[in-house]
Amino acid sequence: MQLVLASKSPRRIAILKELGMKFDIIPSQAPENSRKKRPAARVKELAVQKAFDVARKYPGAVVIGADTLVYCKGEIIGKPKDRADALRILKKLNGAWQSVYTGVCVMNLQEQKMLFGHDVSKCKARRLSPQELEHLAGKHMDKAGAYAVQDTDDPFIERIVGSRSNVVGFPVEFFQKLFKEFLAL
Ligand SMILES: Cc1cn([C@H]2C[C@H](O)[C@@H](COP(=O)(O)OP(=O)(O)OP(=O)(O)O)O2)c(=O)[nH]c1=O
């Protein structure tokens, strides 16, 4: 069985490797477009789109796709567009509880098998000073919410309720359960 991770995310690659899985890395080229208003529905749709984009090129493979976003005060927050956007996002998240959603999809087109779902964790951000926010803005342009809980230099998140790996982009416990179910299909 060829296993493919449809992602360029260093965190997703590292986590899947830590699980001892052998896989190829073929990032999805799918544009991240979703009109879904609810975060859980959106991450699932995007995870399916990413997996499908690669699966149609490798129909015999088992392909894994994932998508992560932050949800706070009614706003769905993805990766910042630029430094100004990162600062705006960090100001909004400052001192606040937020939810981090990751959608995961596993599919094999040849066998017409697909499973997808999501995990959600709650994160509490510390209240940083305007100077600290300025310093942090722009450091994590490739991450949803413009921060990185895995980065020891990043003081932003002080508490996580739920899966930590989910916040970093790949929910280990949820994935293991989903993958086991997928193999049994
Ligand atoms: C909140 C948070 C997100 N992230 C990352 C996980 C994801 O890589 C990224 C969210 O963007 P995604 O669009 O989910 O993923 P990506 O563009 O990095 O990779 P791909 O689409 O190829 O799979 O943010 C962290 O690394 N640390 C964090 O604390």
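Source: prediction; values computed, not measured.

Asks: Which parts of the structure should I look at to understand the confidence of the model for the chain?
Replies: Predicted confidence across the chain gives a mean pLDDT of 97, with 100% of residues reaching 70 or more. The ipTM value of the predicted complex is 0.96, and its pTM value is 0.97.

Asks: Looking at this structure, how should I read helix 6 (residues 172-183)?
Replies: Each α-helix winds once per 3.6 residues, and so residues spaced three or four apart point in a common direction. Under the 1.5 Å per step criterion, the end-to-end length of helix 6 is 16 Å for 12 residues, consistent within 8% with the ideal 16 Å. Listing the buried residues of helix 6 in full gives Val172, Phe174, Phe175, Leu178, Phe179 and Phe182. The buried residues of helix 6 occupy an angular sector of 155° when projected down its axis, which confines them to one face. Residues of helix 6 that are exposed and point more than 90 degrees away from the buried face comprise Lys177 and Lys180. Lining the buried residues of helix 6 we find strand 1 (3-5), helix 1 (10-18), strand 3 (62-72), strand 5 (97-108), strand 6 (113-125) and helix 5 (164-168).

Asks: Would you explain the site of the ligand in this entry?
Replies: Taken together, 21 residues form the shell around the ligand, and within it Ser7, Arg12, Lys50, Thr68 and Lys79 come nearest. Between Lys8 and the ligand, the recorded distance is 2.8 Å, taken from a backbone N or O atom to an oxygen atom. In this structure, Lys50 approaches the ligand through a side-chain N or O atom, which is 2.6 Å from an oxygen atom. Here the ligand has 610 Å² of accessible area as a free molecule, and 98% of this is covered by the chains. Comparing atom positions with the cavity grids shows the ligand to sit within the largest pocket. When contributions to the shell around the ligand are tallied by element, the ones reaching two or more residues are helix 1, strand 3 and helix 5. The leading source of residues in the shell around the ligand is strand 3, at 3 residues. In the shell around the ligand, the residues fall into 7 nonpolar, 5 polar and 9 charged.

Asks: Hey, could you run me through the UniProt feature "site: Important for substrate specificity" (unreviewed entry) in the chain in this one?
Replies: UniProt's feature table lists "site: Important for substrate specificity" (unreviewed entry) at Arg11, Thr68 and Gln150, given in the numbering used throughout. Of the annotated positions mentioned, Arg11, Thr68 and Gln150 line the largest pocket. Classification of Arg11 by relative accessible area gives buried; the value is 15%. The residues touching Arg11, leaving out its near neighbours within four places in the chain, are Asp142, Lys143, Gln150 and Val168. Examined against the element boundaries, Thr68 turns out to sit in strand 3.

Asks: I tried to follow unusual backbone geometry on my own but got confused; where do I start?
Replies: Peptide bonds are trans in most cases, and residues, glycine excluded, mostly fall at negative phi. Although it is not a glycine, Lys73 sits at a positive phi angle of roughly 50°. Within the fold, Lys73 resides in the loop between strand 3 and strand 4 (75-77). Looking at Lys73, the relative accessible area reads 59%, which means it is exposed. Phi is positive for Ala146, close to 65°, though the residue is something other than glycine.

Asks: I tried to follow the UniProt feature "active site" (unreviewed entry) in the chain on my own but got confused; where do I start?
Replies: Per the UniProt record, "active site" (unreviewed entry) is found at Asp67. Topologically, Asp67 is positioned in strand 3. In this view, Asp67 contacts Arg12, Glu32, Val43, Leu46, Ala47, Lys50, Tyr101, Thr102 and Gly103; residues no more than four positions away in its chain are not counted.

Reading the values: the criteria
Residues numbered from 1 in each chain as written. Predicted model: local features only at pLDDT ≥ 70, side-chain atom pairs only at ≥ 80, totals over all residues. Heavy atoms only, no water. pLDDT = per-residue confidence, 0-100. Helix = DSSP H or I, 4+ residues; strand = E, 2+ residues; numbered from the N terminus. Expected span 1.5 Å × (residues − 1). Buried < 20%, exposed > 50% of the residue type's maximum accessible area, 1.4 Å probe, protein only. Arc of directions from axis to C-beta. Contact = heavy atoms within 4.5 Å. Near = heavy atom within 4 Å. Polar contact = N/O pair within 3.5 Å; in protein donor to acceptor, adjacent residues only side chain to side chain. Areas by Shrake-Rupley, 256 points an atom, 1.4 Å probe, with all protein chains shown as cover. 1 Å grid on protein atoms, 1.4 Å probe; cavity = no way out; pocket = protein on both sides within 12 Å on 5 of 7 lines; lining within 4 Å. Sits in = over half its atoms within 2 Å of the grid points. Nonpolar A, V, L, I, M, F, W, Y, C, P; charged D, E, K, R; others polar. UniProt positions renumbered as here; feature names shortened; annotations may be inferred.

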